[in-house]
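Read off the chains here:
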Amino acid sequence: MQIYSYANYSSKARGIPLVSVKMRQKISFPKKTKGKSPFQLTKKSPEKTEQVIKLPKVFSFKSFLITLGSGITQTGNTIKKHGKALLITILAFILVSCAAAGILCFASWQEKHTSPLTLQADPELEIARLDKMMADFAMENYGNISEDGDITDADFTKAIVFTQPVSFQTYKVQKGDTISGIAKKFGLGNISTLISVNDIGNVRSLCAGQKLKIPSMDGITYKVKSGESLASIASKNNISQDAILDVNDLTNETLQVGQVIFLPGAKLDQKTLNLAMGDQFIIPIKASYRISSPFGARLDPITGKKSYHKGQDFACPTGTPIYSSMGGKVIFSGETWLYGKHIIIDHGNGYQTLYAHMSKIIATKGTYVTQGTRIGLVGNTGYSTGPHLHFTVYKNGNPVNPMAVLKN
């Protein structure tokens, strides 16, 4: 009997190449024969070969799932065993990466904002150009108004006797009107009258289409305070009691607290008038700051040469809000190499203000802003060595000391 390496496979049926192997010979014990030893081996037969099958590797999905599950289990066990170390390694990598990125960003910022600047033009020439532009922007100068509000070119030759009750009419502001022009149109001699009667906080806020109450005589409205009498009010404002009674058509001298009366010929006090005329500005920074460079002569912080600083610098962090020092119209909103991102606001009566070196401009050209409107953010753009606001006040095109007009 022959023994094969692989049995019961048909090579022809599977179409698989055959490999030849030697056949092993089985020893057989022959039957006892006459004259011969029963232990005598038979003669070897010639060697024969047999063809066997080489099996291919057949894919098993079950085996794949078993192997995959085993791998996942081993990975999970490894992570579980070394999870703390892996987490620390990942966090350390993230921290190192963030620190490196921060150092690179800071180095870039330092180079851009604090390194010596390469001047692209003559600063004095650029400032002269700005002064010329401010002079062109300067609007009508109300030089015909005195410090106490009197219209100096008004012609009032006869004495005014306050005997008739005050009357009012309505006027619609026209394009090009001024507070003094409206007062003159109705025969009034002091702008305090229109400001007080209409409770005008800033004459620069007047616009076409706005309606005003026009009294028939000069004077101001007054609200009676606790403890005041007709006599005390008349004495304080240098007006006769009879004039107050006649103008307000009062039948007795008894006044009530909170009662509003008209004081003929009276004027607003200097501080109230200046505020209403826009001659008192608020500080454009409400956060903490320090004056890094005041108005006047100084050494240029970049060149070291003597120069004249035409504004006041408020040093504070980048991003600090900047507010309009007085209401008006934004007449410039843009960026130059000298002032970086900056805004110019025209307030009327010959006043303009400049806000320079912003990191971001908020107010746009042509818009009207009120006093205290947020117009931009502090920055370090343009000809600058650090984050600050450069603030300049112009009067008829000429820079003036901001401290002279800023309200304390």
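Residues numbered from 1 in each chain as written. Predicted model: local features only at pLDDT ≥ 70, side-chain atom pairs only at ≥ 80, totals over all residues. Heavy atoms only, no water.

Draft legend 1. The overall build of the protein, seen in detail. Along its length, the protein carries eight helices and 18 strands. If you take every contact in the protein between residues at least 6 apart in sequence, the share linking residues at least 24 apart comes to 69%. For the protein, the accessible area works out to roughly 25,700 Å², and carbon and sulfur atoms hold 57% of it. (Helix = DSSP H or I, 4+ residues; strand = E, 2+ residues; numbered from the N terminus. Contact = heavy atoms within 4.5 Å. Areas by Shrake-Rupley, 256 points an atom, 1.4 Å probe, with all protein chains shown as cover.)

Draft legend 2. Examining helix α8 (residues 270–277) more closely. Every buried residue of α8 is accounted for by Leu273, Ala276 and Met277. Here the buried residues of α8 occupy an arc of 95° about the axis, which is enough to place them on one side. Residues of α8 that are buried make contact with α5 (192–197). (Buried < 20%, exposed > 50% of the residue type's maximum accessible area, 1.4 Å probe, protein only. Arc of directions from axis to C-beta.)

Draft legend 3. View of unusual backbone geometry. Phi is positive for Asp199, which is not a glycine, with a value near 50°. Even without a glycine there, the phi angle at Asp249 is positive, about 55°. With respect to the helices and strands, the residue Asp249 is situated in the loop between α7 (241–247) and β6 (260–264).

Draft legend 4. Up close: a nonpolar patch on the surface. Together, Phe61, Phe64, Leu65, Leu68 and Ile72 make up an exposed nonpolar region whose accessible area comes to about 500 Å². Classification of Phe64 as partly exposed rests on a relative accessible area of 40%. (Patch = residues over 30% accessible without salt bridge, like charges linked within 9 Å, V, L, I, M, F, W, Y side chains within 5 Å. Salt bridge = Lys/Arg side-chain N within 4 Å of Asp/Glu carboxyl O.)

Draft legend 5. Focus on a negative patch on the surface. A contiguous patch of negative charge, built from Asp242, Asp246, Asp249 and Glu253, is present on the exposed surface. Classification of Asp249 by relative accessible area gives exposed; the value is 58%. (Lys, Arg positive; Asp, Glu negative; His and termini not counted. Charge placed at Lys NZ, Arg CZ, Asp CG, Glu CD.)

Draft legend 6. Quick look at the environment of Gly379. One can find Gly379 in the loop between β16 (374–378) and β17 (388–395). Classification of Gly379 by relative accessible area gives buried; the value is 0%. For the pair Gly379 and Lys341, spaced 38 residues apart in the sequence, the C-alpha separation amounts to 8.4 Å. Once residues within four sequence positions are removed from consideration, Gly379 is found in contact with Thr318, His357, Met358, Ser359, Gly386, Pro387 and His388.

Draft legend 7. Region of interest: the pairing of strand β12 (residues 328–336). In terms of strand pairing, β12 meets strand β15 (residues 368–369) through two bridges, oriented antiparallel. What sits directly across from Lys329, in β15, is Tyr368. The pairing of β12 with strand β13 (residues 340–348) spans seven bridges and is classified as antiparallel. Within β13, the position partnered with Thr336 by the bridge is Gly340. With antiparallel pairing between neighbouring strands as the criterion, β12 and β13 make up a hairpin whose turn holds three residues. (Pairing = 2+ DSSP bridges.)

Draft legend 8. Spotlight on the packing of aromatic side chains. Applying the stated rule across the entire model yields seven aromatic pairs. Between Tyr355 and Phe391, the aromatic rings sit 5.4 Å apart at their centres with planes inclined by 45°, giving tilted as the arrangement. Of this pair, Tyr355 sits in strand β14 (residues 351–361) while Phe391 sits in strand β17, and the two are 36 residues apart along the sequence. Within the aromatic cluster, the residues linked to one another by ring pairs are Tyr289, Phe314, Tyr355 and Phe391. The cationic tip of Lys213 hangs over the ring face of Phe168; the distance from NZ or CZ to the ring centre is 4.7 Å. We note Lys286 situated over the ring of Tyr323; from NZ or CZ to the ring centre the distance is 4.3 Å. (Phe/Tyr/Trp six-rings, centres within 6.5 Å; stacked < 30°, edge-to-face > 60°. Lys NZ or Arg CZ within 6 Å of the ring centre and 35° of its normal.)

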